[in-house]
Amino acid sequence: MREILAQAGYEVATAASGAAALERLGATSFDAIVSDLRMPDMDGAALWREVSARHPELAARILFVTGDTLSPDAREFLRSSDCAWLDKPFAKANLLARLAALLA
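Attention in this report is confined to the structure presented alongside it. Note that the structure is a prediction, hence the values are computed from the model and not measured.

1. Focus on the overall build of the protein chain
A count of helical and extended segments in the protein chain gives six helices and three strands. For the protein chain, the sequential pattern of α-helices and β-strands runs α-α-β-α-α-β-α-β-α. By the compact-globule yardstick of 13 Å for 104 residues, the protein chain fits well, its C-alpha radius of gyration being 13 Å. In terms of its C-alpha atoms, the protein chain occupies a principal-axis envelope of roughly 35 × 30 × 25 Å. Taking all 104 residues of the protein chain together, 35% fall into the buried category. Residue pairs in contact within the protein chain that sit at least 24 positions apart in sequence constitute 56% of those at least 6 positions apart. Only carbon and sulfur atoms are counted for the fraction: they give 52% of the accessible area of the protein chain, which is about 6200 Å².

2. Comments concerning the packing of aromatic side chains
Considering all chains together, one arrives at two aromatic pairs under this definition. Taken together, a centroid distance of 5.8 Å and an interplanar angle of 75° make the contact between Trp 48 and Phe 77 edge-to-face. Here Trp 48, found in helix α3 (residues 44–54), pairs with Phe 77, found in helix α5 (residues 72–81); they are 29 residues apart in sequence, far enough to count as distant. Relative to Phe 77, the ring of Phe 64 has its centre 5.5 Å away and its plane inclined at 80°; by these criteria the two rings are edge-to-face. Of this pair, Phe 64 sits in strand β2 (residues 62–66) while Phe 77 sits in helix α5; the two residues are 13 residues apart in sequence, bridging distant segments of the chain. For Phe 64, a relative accessible area of 0% gives the class buried. Its relative accessible area of 10% is what places Phe 77 among the buried residues.

3. Focus: the sheet that holds strand β3 (residues 84–87)
Reading across the sheet, the three strands line up as β1-β2-β3 and stay open at both edges, with parallel pairing between neighbours. Whereas interior strands pair on both sides, the edge strands pair on one side only; in this sheet they are β1 (33–36) and β3. Averaged over all pairs of adjacent strands, the angle between strand axes in this sheet comes to 25°, irrespective of strand direction. Across four bridges, the pairing between β1 and β2 is parallel. Each residue of the ladder has a partner; that of Ser 35, found in β2, is Phe 64.

4. Some details on α5
When we look at burial in α5, the residues that qualify are Ala 74, Phe 77, Leu 78 and Ser 81. For α5, the angular spread of buried residues about the axis comes to 95°, placing them on one side. Opposite its buried face, α5 presents the exposed residues Pro 72 and Arg 79, each directed more than 90 degrees away. Packed against the buried residues of α5 are α3, β2 and β3. Just downstream of α5, Asp 82 is the residue with a positive phi angle, here 60°.

Thresholds applied
Residues numbered from 1 in each chain as written. Predicted model: local features only at pLDDT ≥ 70, side-chain atom pairs only at ≥ 80, totals over all residues. Heavy atoms only, no water. Helix = DSSP H or I, 4+ residues; strand = E, 2+ residues; numbered from the N terminus. Rg over C-alpha atoms; globule rule 2.2 N^0.38 Å. Buried < 20%, exposed > 50% of the residue type's maximum accessible area, 1.4 Å probe, protein only. Contact = heavy atoms within 4.5 Å. Areas by Shrake-Rupley, 256 points an atom, 1.4 Å probe, with all protein chains shown as cover. Phe/Tyr/Trp six-rings, centres within 6.5 Å; stacked < 30°, edge-to-face > 60°. Pairing = 2+ DSSP bridges. Axes fitted to C-alpha atoms, helices over the stretch in contact; angles between N-to-C directions. Arc of directions from axis to C-beta.

Below, the structure written as structure tokens:
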């Protein structure tokens, strides 16, 4: 994803985990977040809750990518958070279109 977004002209920063992402958010301003819904130390729902509390203006500009939209927990979170999401696997064009829509 990093390569796709960088080739499309986006400035991209990466984080190895949700906790690392929160640390970066504390030090730098970002226009949007693209995150997996399932991560080892902090899942996407927990990341969204923390971003909502700490950076509420950014919470509406999170795009989740996931292969887990069939689980009831994932579906409920995506519905209740009203976050944008893409099912894995996804096409490059879909990733770019969803991100552009978040930033519009």
